[in-house]
Amino acid sequence: MTSSSTLAVPETRPVPRHVAIIMDGNGRWATRRHLPRTAGHAKGVQAVRRVVEACGRRGVEYLTLFAFSSENWRRPVDEVSLLMRLFVQALEREVDKLQEQGVRLHVVGDLSAFEPRLQELIAQAQARTAANDRLHLCVAANYGGRWDILQATRAMLAARPELAAHPERIDEAALAPHLSMAWAPEPDLFIRTGGEQRISNFLIWQLAYTELYFTDRYWPDFGDEEIAAAFEWYRSRERRFGRTSAQLAAGTAAGA
Ligand code: FPP
């Protein structure tokens, strides 16, 4: 399923259908407590559990979490190894729970860089949860928005080589089906914890009309209450998708 906020005005609902989160502040949470940064990541896994449950309960259909960016390889070797171990542990220990909760797991990103054991666990977890549809949990790992647009371009040209000789025929509808999250609607709400206000090469194509919410709260302290606050803020937004307030009020604009 592909949907595009620039080709058609999407339906706006009181609860965001798709929430995308940059889980920032793990390191600072730990440093403040005189703990190693890695302790913050371990605590961050508990916040992931809370937020998956909260979103499922609140009627979110798609939740995308930025777990490891294509730039996170620049971190100290020990921290990268710990993060990889946490992914392996989470895949080994949490899949039963996802299954009970009706959660379908997807992992997007350039997975070829991961060790074979991790790639195998990812494939197994995706296959095991493939029939679930209560909540789609998408973990972005070794993901970068620019990587996604480039891999989609390559895939599009491989599928339709004639486009290389006719670039004028390349449009959104030709490219979008090849993006790694083409099966999901675009995010309605983006949340970044930890106080920074940037997108950090996350879903740069898909965030075109997403509402952006930033909070100072560190990720390990995030849970149902913070989700409720973000959703309340989201409900107060006027989503115009290029139209005017007057058009929305009159209900005259296409898709209003
Ligand atoms: C950003 O905090 C967080 C990460 C780069 C990793 C996020 C990983 C987890 C929450 C744990 C594993 C997740 C799953 C889905 C199993 P930071 O280290 O940049 O914090 P800082 O800005 O305070 O240094």
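Fair warning: this is a prediction, and the values are worked out from it, not measured in the lab.

Scoring rules and cut-offs
- Residues numbered from 1 in each chain as written.
- Predicted model: local features only at pLDDT ≥ 70, side-chain atom pairs only at ≥ 80, totals over all residues.
- Heavy atoms only, no water.
- Salt bridge = Lys/Arg side-chain N within 4 Å of Asp/Glu carboxyl O.
- Helix = DSSP H or I, 4+ residues; strand = E, 2+ residues; numbered from the N terminus.
- Buried < 20%, exposed > 50% of the residue type's maximum accessible area, 1.4 Å probe, protein only.
- Near = heavy atom within 4 Å.
- Polar contact = N/O pair within 3.5 Å; in protein donor to acceptor, adjacent residues only side chain to side chain.
- Areas by Shrake-Rupley, 256 points an atom, 1.4 Å probe, with all protein chains shown as cover.
- Nonpolar A, V, L, I, M, F, W, Y, C, P; charged D, E, K, R; others polar.
- Lys, Arg positive; Asp, Glu negative; His and termini not counted.
- Contact = heavy atoms within 4.5 Å.

### Focus on the pattern of salt bridges
Working step 1: Taken as a whole and judged by the stated rule, the model has 21 salt bridges.
Working step 2: Of the charged contacts, one joins Glu 94 and Arg 49 as a salt bridge, the two residues approaching to 2.7 Å between their closest N and O atoms. Taken together, the residues Glu 94 in helix H3 (residues 77-100) and Arg 49 in helix H2 (residues 37-58) connect sequence positions 45 residues apart.
Working step 3: Between Glu 226 and Arg 217 there is a salt bridge, with the nearest N and O atoms lying 2.6 Å from each other.
Working step 4: When its relative accessible area of 13% is taken as the criterion, Glu 226 is described as buried.
Working step 5: The structure contains a network of salt bridges with shared partners spanning Glu 11, Arg 13, Arg 17 and Glu 61.

### Regarding the site of the ligand
Working step 1: Taken together, 17 residues lie around the ligand, and Asp 24, Gly 27, Arg 28, Arg 37 and Arg 75 are the ones closest in.
Working step 2: For the ligand, an oxygen atom lies 3.2 Å from a polar atom in the backbone of Asn 26.
Working step 3: Between the ligand and Gly 27 there is a distance of 3.0 Å, counted from an oxygen atom to a backbone nitrogen or oxygen.
Working step 4: The protein chains hide 90% of the 630 Å² of surface that the ligand would expose on its own.
Working step 5: For the shell around the ligand, the secondary structure elements donating two or more residues are helix H1 (26-32), H2 and H3.
Working step 6: The element that contributes the greatest number of residues to the shell around the ligand is H2, accounting for 4 residues.
Working step 7: When its residues are assigned to classes, the shell around the ligand shows 7 nonpolar, 6 polar and 4 charged.

### A look at the side chain of Glu 186
Working step 1: Tracing the backbone through its elements, the reader meets Glu 186 in the loop between helix H6 (172-175) and strand E5 (189-192).
Working step 2: Of the buried charged residues, Glu 186 lacks a salt bridge, with Arg 239 as the closest side chain of opposite charge at 7.1 Å.
Working step 3: One polar contact links Glu 186 to Ser 5, side chain to side chain, over a distance of 2.6 Å.
Working step 4: Leave out the neighbours within four places in its chain, and Glu 186 touches Ser 3, Ser 4, Ser 5, His 18 and Gln 206.

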